[in-house]
Amino acid sequence: MADGTRSLRGSSPASSPVLGGRGRAAAAGGTSSPPGHGFRRVTLTKPTFCHYCTDFIWGLAGYQCEVCNFMSHEKCFKHVKIPCSCIAPSLVRVPVAHCFGPPGHYKRKFCTVCRKSLESPAFRCEVCELHVHTDCILFACSDCRQCHQDGHQDHDTYHHHWREGNLSSSARCEVCKKTCGSSEVLSGMRCEWCGILAHAACYIIVTPECTFGRLRNMILPPSCVQLFSRNFSKLHCFRISENLQTESDEDDDVDGSTQGSAKDVQISTDSSKQTLKIFDGNDAVKRNQFRLISVPRIAKNEEVVEAALRAYYIIDDQQEYELQTFMPQALLSDDVINRNDAAEDSNLGSVFRESVPEAWIIRAKPKDEEVIRIYPAWLKVGMAYVSLRVNKDSTTQTVIKEVLPLLGRQTECLQNFKLVEVLMGSKQVQRMVLDDQELILNRLKDIRKTSIRQMNQTRFYIVENSKSIVRVNLFVGGLPPQLSPEEYTNILKDELAIKTNVVSVSHVYQAQGAVVLEISCFSEAERIYMLVKDTSVNDKPLNAVVIPEVMASKIPQNCCPLLVFVNPKSGGLKGRDLLYSFRKLLNPHQVFELTNGGPLPGFHTFSKVPSFRVLVCGGDGTVGWVLGALEEIRHKLVCSEPSVAILPLGTGNDLGRVLRWGAGYSGEDPYSILVSVDEADDVLMDRWTILLDAEEPAEGTENGVAEPEPPKIVQMNNYCGLGIDAELSLDFHHAREEEPGKFNSRFHNKGVYVKVGLQKISHTRNLHKDIKLQVDQHEVELPSIEGLIFINIPSWGSGADLWGSESDNRFEKPRIDDGLLEVVGVTGVVHMGQVQGGFRSGIRIAQGSYFRVTLLKPIPVQVDGEPWIQAPGQIIISAAGPKVHMLKKSKQKQKKTGSLREMRVDSMSVSEGGR
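Residues numbered from 1 in each chain as written. Predicted model: local features only at pLDDT ≥ 70, side-chain atom pairs only at ≥ 80, totals over all residues. Heavy atoms only, no water.

**Observations concerning the overall build of the protein chain**
Argument step 1. Looking only at helices and strands, one finds 20 helices and 44 strands in the protein chain.
Argument step 2. Here the protein chain holds 915 residues, and 56% of them are scored as buried.
Argument step 3. Expressed as a percentage of contacts within the protein chain between residues at least 6 apart in sequence, the contacts between residues at least 24 apart total 71%.
Argument step 4. A total accessible area of about 39700 Å² is found for the protein chain, and carbon and sulfur atoms account for 49% of it. (Helix = DSSP H or I, 4+ residues; strand = E, 2+ residues; numbered from the N terminus. Buried < 20%, exposed > 50% of the residue type's maximum accessible area, 1.4 Å probe, protein only. Contact = heavy atoms within 4.5 Å. Areas by Shrake-Rupley, 256 points an atom, 1.4 Å probe, with all protein chains shown as cover.)

**Overview of the environment of serine 183**
Argument step 1. Tracing the backbone shows serine 183 in the loop between strand 6 (162-164) and strand 7 (189-191).
Argument step 2. Owing to a relative accessible area of 36%, serine 183 belongs among the partly exposed residues under this scheme.
Argument step 3. Sequence separation of serine 183 and arginine 108 is 75 residues, and the distance between their C-alpha atoms is 6.2 Å.
Argument step 4. Setting aside residues up to four positions removed in sequence, serine 183 forms contacts with Phe110 and Ser169.

**Some details on the side chain of glutamine 274**
Argument step 1. Tracing the chain through its elements places glutamine 274 in strand 10 (residues 273-279).
Argument step 2. When its relative accessible area of 14% is taken as the criterion, glutamine 274 is described as buried.

**Observations concerning the pattern of salt bridges**
Argument step 1. The tally for this structure, following the rule as stated, stands at 31 salt bridges.
Argument step 2. Residue arginine 844 pairs with aspartate 808 through a salt bridge whose shortest N-O separation is 3.7 Å. Residue arginine 844 is located in strand 39 (residues 843-848), and its partner aspartate 808 is located in the loop between strand 37 (787-791) and strand 38 (821-826); the two are separated by 36 residues in the primary sequence. (Salt bridge = Lys/Arg side-chain N within 4 Å of Asp/Glu carboxyl O.)

**Observations regarding the packing of aromatic side chains**
Argument step 1. For the structure shown, the criterion picks out 21 aromatic pairs.
Argument step 2. Ring geometry for tyrosine 63 versus phenylalanine 77: centroids 4.5 Å apart, planes at 20°, classification stacked. Of this pair, tyrosine 63 sits in strand 2 (residues 61-65) while phenylalanine 77 is found in the loop between strand 3 (71-72) and strand 4 (122-124), placing the two residues 14 residues apart along the sequence.
Argument step 3. Taking the relative accessible area as the measure of exposure, tyrosine 63 reaches 5% and is therefore buried.
Argument step 4. Linked through ring pairs, Phe39, Tyr63, Phe70 and Phe77 together constitute an aromatic cluster.
Argument step 5. Stacked on the ring of tryptophan 193, the Lys or Arg arginine 145 has its end atom at 4.4 Å from the ring centre.
Argument step 6. Note that lysine 427 overlies the ring of phenylalanine 123, its terminal NZ or CZ placed 5.6 Å from the centroid. (Phe/Tyr/Trp six-rings, centres within 6.5 Å; stacked < 30°, edge-to-face > 60°. Lys NZ or Arg CZ within 6 Å of the ring centre and 35° of its normal.)

**A short note on the pairing of strand 34 (residues 719-723)**
Argument step 1. The buried fraction of strand 34 is high, at five of five residues.
Argument step 2. Strand direction decides the pairing type here: strand 34 and strand 37, joined by five bridges, are antiparallel. Bridge pairing in strand 37 links glycine 723 to glycine 787.
Argument step 3. Bridge count for strand 34 against strand 41 (residues 859-863) is three bridges, and the pairing is antiparallel. In the strand pairing of strand 41, leucine 722 is matched with valine 861. (Pairing = 2+ DSSP bridges.)

**Brief notes about the sheet that holds strand 8 (residues 197-198)**
The strands that make up a sheet pair up through hydrogen bonds in the backbone, lying either parallel or antiparallel.
Argument step 1. Read across the open sheet, the three strands follow the order 6-7-8; overall the sheet is antiparallel. Every other strand in the sheet has two partners, leaving strand 6 and strand 8 as the edge strands with one partner each.
Argument step 2. Relative to strand 7, strand 6 is paired through three bridges, and the arrangement is antiparallel. For arginine 163, the partnering residue across the bridge sits in strand 7 and is arginine 190.

**With respect to the nonpolar core**
Argument step 1. Formed by 152 residues in total, the largest nonpolar core has its most connected members in Phe582, Phe603 and Leu615.
Argument step 2. Ignoring anything within four residues of it in the chain, the contact list for leucine 615 reads Leu562, Leu563, Val564, Phe565, Phe582, Ala645, Ile646, Leu647, Leu674 and Val677.
Argument step 3. Listed in part, the 30 residues of the second largest apolar core include Phe228, Val472, Leu474 and Val476. (Core = buried A, V, L, I, M, F, W, Y, C linked by side-chain atoms within 4.5 Å.)

**Some details on the state of the cysteines**
Argument step 1. Going through the model one piece at a time under the given rule, you end up with zero disulfides.
Argument step 2. Here cysteine 176 is not cross-linked by a disulfide; its sulfur's nearest cysteine counterpart is in cysteine 173, at 3.7 Å.
Argument step 3. Given the relative accessible area of 29%, cysteine 176 is considered partly exposed. (Disulfide = S-S within 2.5 Å.)

**What to know about the sheet that holds strand 35 (residues 771-775)**
Argument step 1. Across the sheet, which stays open at both edges, the six strands sit in the order 33-32-43-40-35-36 with antiparallel pairing between neighbours. Every interior strand has two partners, whereas the edge strands, strand 33 (712-716) and strand 36 (778-780), have only one. With strand direction ignored, the average angle separating the axes of adjacent strands in the sheet is 20°.
Argument step 2. As paired elements, strand 35 and strand 40 (residues 850-855) share five bridges and run antiparallel to each other. Bridge assignment links isoleucine 771 to a residue of strand 40, and that residue is leucine 855. (Axes fitted to C-alpha atoms, helices over the stretch in contact; angles between N-to-C directions.)

**Quick word on helix 12 (residues 620-633)**
Argument step 1. The end-to-end C-alpha distance of helix 12 is 20 Å, a good match for the 20 Å that 14 residues give at a rise of 1.5 Å each.
Argument step 2. Helix 12 sits mainly inside the fold: ten of its 14 residues count as buried.
Argument step 3. Among the residues of helix 12, Asp620, Thr622, Val623, Gly624, Val626, Leu627, Gly628, Ala629, Leu630 and Ile633 are the ones counted as buried. (Expected span 1.5 Å × (residues − 1).)

**Examining unusual backbone geometry**
Argument step 1. At asparagine 69, a position not held by glycine, the phi torsion is positive, near 70°.
Argument step 2. One can find asparagine 69 in the loop between strand 2 and strand 3.
Argument step 3. Asparagine 69 sits in the buried class, given a relative accessible area of 19%.
Argument step 4. You will see that asparagine 288, though not glycine, has its phi angle at about 60°, which is positive.
Argument step 5. Locating asparagine 288 in the fold gives a position in the loop between helix 3 (282-287) and strand 11 (291-296).

**Here's the deal with the environment of valine 422**
Argument step 1. By secondary structure assignment, the location of valine 422 is in strand 17 (residues 417-424).
Argument step 2. The sequence separation of valine 422 and phenylalanine 460 amounts to 38 residues, and the corresponding C-alpha distance is 6.1 Å.

**Comments concerning the side chain of arginine 453**
Argument step 1. One can find arginine 453 in helix 7 (residues 452-456).
Argument step 2. One buried charge, arginine 453, has no salt-bridge partner; the nearest side chain with opposite charge is aspartate 280, at 4.3 Å.
Argument step 3. Those residues in contact with arginine 453 that lie beyond four places of it in its chain are Leu138, Phe139, Asp280 and Tyr312. (Lys, Arg positive; Asp, Glu negative; His and termini not counted.)

**Brief notes about the environment of aspartate 682**
Argument step 1. Relative to the elements of secondary structure, aspartate 682 occurs in strand 31 (residues 681-685).
Argument step 2. Note: C-alpha distance between aspartate 682 and leucine 887 (205 residues apart in sequence) is 4.8 Å.
Argument step 3. Setting aside residues up to four positions removed in sequence, aspartate 682 forms contacts with Ser643, His885, Met886 and Leu887.
Argument step 4. Polar side-chain contacts of aspartate 682 include one of 2.5 Å to the side chain of serine 643.
Argument step 5. Separated by 3.3 Å, the side chains of aspartate 682 and histidine 885 make a polar contact. (Polar contact = N/O pair within 3.5 Å; in protein donor to acceptor, adjacent residues only side chain to side chain.)

**Examining the packing of helix 10 (residues 574-585) against helix 14 (residues 670-679)**
Argument step 1. Across the interface, helix 10 lies against helix 14 with an axial gap of 10 Å and an inter-helix angle of 65°. By the angle class used here, helix 10 and helix 14 are roughly perpendicular. Remark: the crossing between helix 10 and helix 14 carries right-handed chirality. Residues Leu578, Ser581, Phe582 and Leu585 of helix 10 form the contact with helix 14, whose own contacting residues are Pro670, Tyr671 and Leu674. (Parallel < 35°, antiparallel > 145°, perpendicular 65-115°, else oblique. Left-handed = near helix turned anticlockwise from the far one by under 90°.)

**Some remarks on the pairing of strand 40**
Argument step 1. Of the strand pairs in this sheet, strand 40 and strand 43 (residues 873-879) are connected by six bridges, and their pairing is antiparallel. Directly across from leucine 855, in strand 43, lies its bridge partner glycine 873.

**Considerations on the confidence of the model for the protein chain**
Low pLDDT marks stretches whose predicted atomic positions should not be read closely.
Argument step 1. Looking at the protein chain, the pLDDT average stands at 81 and 80% of residues meet or exceed 70.
Argument step 2. Between residues 697-705, whose pLDDT stays under 50, and residues either more than four places distant or in other chains, the model counts three contacts.
Argument step 3. Counted against residues more than four places away or in other chains, residues 893-915, with its pLDDT under 50, gives 63 contacts. (pLDDT = per-residue confidence, 0-100.)

This is how it looks when you write it as structure tokens:
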């Protein structure tokens, strides 16, 4: 590694603009190039915009970086502060790998590496705003957001994490208040924690400490989260569904031949140029990952080497490298430049003398000594790294001996430190402790022989020896319920062959059939995690989720983090897009996908948090699922009564309507939704327990001889229907089971409801003759009806007011927290349609707190939209424990948040994030 400046600024590549070009030729007029760039004057053949000021470049000339394609006016390129992609890895403060999903199509986005538009399938990070082409992903540096402590360079103070570009055209700079976004080029800076926006020329004067912005009280601070994740991919760490991964996903593998063939079509049309395959080392040869370069057929050797280095984003002196011919059978040591110390004038000739080899390998020439950078693993040291000259006799131990005095630790014992080699790959940060006697120059030679690209992404850290504590928490669900901890341990021994000396059961959730394992060995944790996927107990598949540990004692007093549950199956594809948006706006460790283990992993993660709120993104059924899970484990939570907000994604969304969250999500800005949650009012809501006894009543059963089957118990939040209402829901449910792919929009779903309703329009059922109703121990005579509905909230069937607004001296005015249910009857489908249209209301029958319904024959029943046929027997409805705290959207107009709000509009919207 070449020597450079002694200090870095900021917390991300873009926040360190102080490094200048290394070994680059001076730009026109003798002025040195901006950080890392190699600008040259080019002739413009199409409309072009400046990446610095975003203005149109008038005329036919501009300045372009030969490595990263940064375009600039002549007046601007001397002021460029954004570093080139080639030096970005050297500016990373804390290396954190990215979390890439599958390749997709992203409109109006630009690649962070090559700065070109993403016209073909590309990758995006699920945690930050990084977008890259498939053939650029290998060159993206590991500068993702640090969302948790992992034992490496942990710290409590967070700086802005700047990311360049992909802002909306309406984005405004926080410093100068002028427009800083562009839809034409990659420009402008955004902090990925607080969302502050700034120009490339303005962001360096922003105060470096980040306060997490408007959502600071809702974000789970990264310093409060601990996760040991060495052997787990980032998708596993953030609980992102496996089905997001593409089938051919192997570490950092991207088929270079695919990218190459596309470029070959573009550049082979010029007969005066030659296209070459360039490999950067043995690893690229093995994986068949090459880059294509186009050079003149009369190019000199130095020009070819320089073009090859640029293709791999290397800006070192081309005299330090050589090209070797590559043959499929073997690697020949036939370097182009020196020909093994052949005649000196061979340097001046063309590469293409007689025949052109199929491909070339770029190699670094051996050195007798060089300068390397040693980074301290502890951050509060006053400098980012120290430079050290090493020779052929330098070993790991001698390097440590020379470095300690430079870091002010000269009095400490050498045996207390170790040298760690860190490879900062875009998908994984790999660490390896070097042996005390290992020769450093030999190690550098081996790395460059493997890949010169990897050499550019490799660092050396000096680390204090300390007893590492490994503690991986693994949530395992799908086990049989109501077993003892010993029985669960025996099942895991039999099915997963767990090693009890490194695996222990730390928490047991008997009612849900789930346990949390605490594992003190990385390899054992990975083995169990992978094995669980293919294991079933009692024909029920198990599921495993990697759980972070929240250190509640570090959470600020005024912080009330938001626990987010998203059902990606609700609302078509909106649930999936909301997952992506909320991971960007919050800490991804507080966002949970309900199809991956349900609500329990989220509640367990927040079990020690003293105060938190919950946001449920889904339909009424999803809300009931989360509230039911909360009721079951509230006794294990420090915050036993968290308030719950709703983002309605279902079809009816009656509870969301009552709490003012709307009839359904239609693409609103997720940032404004979080602000509304923060400003929402806390209200109480009744919940009800429904006991279903399928045994037909007969004389003497109260003193029965035989023990009846255990009754079924369900929870109700909105309403419970018997008769025609439940029958329509059941027909809709059957239609959805037959063709689930068609039920992905509210419009289609409501159309099916209308269809099944029309089929029942002539149907008659004398429901009042088939059931008996008792309210608060009093028999109630039923009128002639086809449906009987118990309502807890003033919204039924997608917003209809079934009870009506007329005053009635017989009953109290309904409220969601009055401890009473309203009982309403409907006479048929026509009556239901009139209620839906607002022309009529239902038949008011009763109001009470305890209900007993006797079914004399099988009758359709539905609770909060879940229908079934209930056999003859008893149905008892009663209050379910304490009232639940809900969040009702405030009527007050949201406070103006200035540029902080403006910057979020479009920039984080779901519509822009779509594929």
